[in-house]
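Structural description and commentary
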Amino acid sequence: MRKNSECRKVRPITIILKPFQLALYIIIQLLFIPLAIAGLIVAVHKEFKLSKKYKVSFSGIKALQYRWFMHYFETRPDSLSVNFTKHFPCESHWGMMSLMGPLIIAQKFFGFRTKIGKLVEPGEETIESASGIRVLRFDTIMEKYIDQVEQVVIPGAGFDLIALHYTKNRNVKVYELDQTHTLQIKLDTMRKAGIAHDWITYIPVDYSTEFWIDKLLEAGFDKTKKTLFLWQSVSLYLDEQTVKQTLREMAELSCPGSIIAQDFYSTALFTGEISKSAMRIMNMINKMGEPWKFTIDMSEGADNAIGTFLSECGLKMTSCDQFGKKLDIPPYYCIIECEKE
């Protein structure tokens, strides 16, 4: 009986506290309006104008943004990504802080929380929350295998710093591959930010004239060593034949015990059948010169569709993490682990 009475005492306090927290947030938001307008102008200029100038992938910036959000909304501490952002020419730390400042202050000092940065139970991911949680899921995969493998290969790593977080001071060889201009900006930014990265081998690839496998082997990759391949949110921008060919090449490079982790988006998400808001985001990315090209029809079930596709590439699926599986929505996004058949 005592516990029940304590619960009844807590509920009225919570009911009174929430409007108070909301009121404080609104006041802070109003005070921040001039800063938010200025910050938005700077952020848009850097993300859209300067990214085009430097030929930086707009989508490649997103993982960095999510890590910034998660750091300040106390989902996952990440001082490395914050420091990187402060020196990155295509993103504005000050701009994001001026826009998100009211929420950050309200959460830190008054306990007011929103859905931004909030974690959900596995299987309860909504389309809106999936992007940030995706970053954490790949972190989990890295944590799971980092002490079991001898090499890590990250094709199309972009500006994500996942390798820096999990491979420092470990007996593992790390290779990141990306377009020449992307890697150059990443390396320049890390130098300006004073971020150590000397244990990672960065491999610039001109995909129009060079084979990524040749570049990887030239850099010292050993086909006899157990490897973790992390291929995160890259395949959707490639045509189906290129995706299959790349996975077959990964299978060819894999020795027993090696793991390939990557994600797949559903065709229904791409066509707008599941989410109009997702469709708007895709249209914006398309205008930035990065159209979606590859999805998988998951209408008859994600496991079978993806398993069949991987089998055609000489791979066997060992795990399929389907986002939103516990919710009453069609399959829209999966992160899989697979190995050579």
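Residues numbered from 1 in each chain as written. Predicted model: local features only at pLDDT ≥ 70, side-chain atom pairs only at ≥ 80, totals over all residues. Heavy atoms only, no water.

**Some details on the overall build of the protein**
Note the cut-off: The numbering of helices and of strands both runs from the N terminus, where a helix is a DSSP run of H or I of at least 4 residues and a strand a run of E of at least 2. Note that the radius of gyration is over C-alpha atoms, with the globule rule given as 2.2 Å times the number of residues to the power 0.38. Exposure is judged per residue with a 1.4 Å probe applied to protein chains only, and the accessible area is read against the type maximum: over 50% gives exposed, under 20% gives buried, and values in between give partly exposed. Residue contacts are defined here by distance: any two heavy atoms, one from each residue, within 4.5 Å place the two residues in contact. Surface accessibility follows the Shrake-Rupley procedure with a 1.4 Å probe radius. Residue values consider only the protein chains on display as shielding.
Regarding its fold elements, the protein presents 12 helices and seven strands. In terms of overall size, the protein behaves like a compact globule, its C-alpha atoms giving a radius of gyration of 22 Å where 341 residues would be expected to give roughly 20 Å. When its C-alpha atoms are laid out on the principal axes, the protein stretches across 60 × 50 × 40 Å. For the protein, buried positions account for 49% of its 341 residues. Within the protein, contacts between residues separated by at least 24 positions form 71% of all contacts whose residues are at least 6 apart in sequence. Total accessible area computed for the protein in this model is approximately 17300 Å², and 57% of it derives from carbon and sulfur atoms.

**Topic: the side chain of R76**
On the secondary structure map, R76 appears in the loop between α2 (58-72) and α3 (79-87). On the accessibility criterion, R76 (12% relative accessible area) is buried.

**A word on the packing of α2 against helix α4 (residues 93-110)**
Here is the rule: An axis is simply a line fitted to the C-alpha atoms; with a helix, the fit covers only the stretch in contact. Between two such axes, the angle follows the N-to-C directions and lies from 0 to 180 degrees. Comment on the angle field: the value is read as roughly parallel under 35 degrees, roughly antiparallel over 145, roughly perpendicular from 65 to 115, and oblique elsewhere. We call a crossing left-handed when the near helix sits turned anticlockwise from the far one by less than a right angle, and right-handed when that turn is clockwise. Under this grouping Gly is polar, as are all residues other than the nonpolar Ala, Val, Leu, Ile, Met, Phe, Trp, Tyr, Cys and Pro and the charged Asp, Glu, Lys and Arg.
One can describe the packing of α2 onto α4 by two numbers: an axis separation of 10 Å at closest approach and a directional angle of 30°. Here α2 lies roughly parallel to α4, going by the angle between them. In this structure, the crossing between α2 and α4 has a hand that is right-handed. Residues Q65, W68, F69 and Y72 of α2 lie in contact with α4, whose contacting residues are H93, M96, M97, M100, I104 and Q107. A class-by-class count of the residues in the contact of α2 with α4 yields seven nonpolar, three polar and no charged.

**Describing the pairing of strand β3 (residues 200-204)**
Put simply, the test is: The pairing criterion is simple: DSSP has to find at least two bridges between the two strands. Orienting the strands away from the viewer, one traces the path from the first strand over the helix to the second; a clockwise path indicates a right-handed crossover.
Of all five residues making up β3, four are buried, and the element is well covered by its neighbours. Relative to β3, strand β2 (residues 173-178) is paired through five bridges, and the arrangement is parallel. Each residue of the ladder has a partner; that of E176, found in β3, is Y202. Read as a crossover between parallel neighbours, the route from β2 over helix α7 (residues 180-193) to β3 is right-handed.

**Looking at α4**
Heads up, the condition is: Think of it this way: the bend at a residue is just the angle between two axes, each fitted to seven residues, one set ending at that residue and the other starting at it.
Along α4, the helix axis deviates most sharply at M100, where the bend reaches about 60°; the proline P102 sits within four residues downstream. Those residues of α4 that sit buried are H93, G95, M96, S98, M100, G101, P102, L103, I104, A106 and Q107. Two residues or fewer after α4 comes G111, characterised by a positive phi angle close to 75°.

**Observations concerning a nonpolar patch on the surface**
Our working rule: Exposure above 30% relative accessible area and no salt bridge define the residues that can form patches, which grow by joining like charges within 9 Å and nonpolar side chains of Val, Leu, Ile, Met, Phe, Trp and Tyr within 5 Å. Salt-bridge detection follows one rule: a side-chain nitrogen of Lys or Arg within 4 Å of a carboxyl oxygen of Asp or Glu.
A cluster of nonpolar side chains, L22, I26, L30, I33, I37 and I41, forms an exposed patch at the surface whose accessible area comes to about 560 Å². Residue I37 is classed as exposed on the basis of its relative accessible area of 51%.

**Here's the deal with the pattern of salt bridges**
Here the idea is simple: oppositely charged side chains can pair when their charged atoms come close. All told, the structure shown has 16 salt bridges when counted by the stated rule. A salt bridge links D78 to R67; its shortest N-O distance comes to 4.0 Å. Of this pair, D78 sits in the loop between α2 and α3 while R67 sits in helix α2; the two residues are 11 residues apart in sequence, bridging distant segments of the chain. For the pair D78 and R67, one class covers both residues: buried. The shortest N-O distance in the salt bridge between R170 and D147 comes to 2.5 Å. Of this pair, R170 sits in the loop between α6 (162-167) and β2 while D147 is found in the loop between α5 (130-145) and β1 (151-155), placing the two residues 23 residues apart along the sequence. When salt bridges with common partners are traced through the structure, they connect R67, R76, D78, D139 and D160 into a single cluster.

**A short note on the confidence of the model for the protein**
Threshold: Confidence scores here are pLDDT values: one per residue, from the predictor, ranging 0 to 100.
Overall, the prediction assigns the protein a mean pLDDT of 88, with 94% of residues at 70 or greater. Across residues 1-14, where pLDDT falls below 50, the model places zero contacts with residues more than four positions away in sequence or in other chains.

**Regarding the packing of α2 against α3**
Each pair of packed helices can be summarised by the angle the axes make with each other and by the distance between the axes. Their axes nearest at 9 Å, the elements α2 and α3 cross at an angle of 120°. It follows from the interaxial angle that α2 and α3 lie oblique. Of the two elements, α2 crosses α3, and the hand of that crossing is left-handed. Taken together, the residues of α3 that come into contact with α2 (itself represented by L64, R67, W68, H71 and Y72) are S79, S81, V82, F84 and T85. The residue makeup of the contact of α2 with α3, split by class, is five nonpolar, four polar and one charged.

**Some details on the packing of aromatic side chains**
Our working rule: Between rings of Phe, Tyr and Trp, where Trp is taken as its six-membered ring, a pair exists when centres lie within 6.5 Å; planes separated by under 30 degrees are stacked, by over 60 edge-to-face, and by other angles tilted.
With the rule as written, the count across this model stands at 14 aromatic pairs. Their ring planes at 40° and their centres at 5.2 Å tell us that F294 and F309 sit as a pair that is tilted. With F294 in the loop between α11 (276-287) and α12 (302-311) and F309 in helix α12, this pair connects stretches of sequence that are 15 residues apart. The same class applies to F294 and to F309, which are both buried. Pairwise contacts between aromatic rings join Y265, F270, W292, F323 and Y333 into one cluster.

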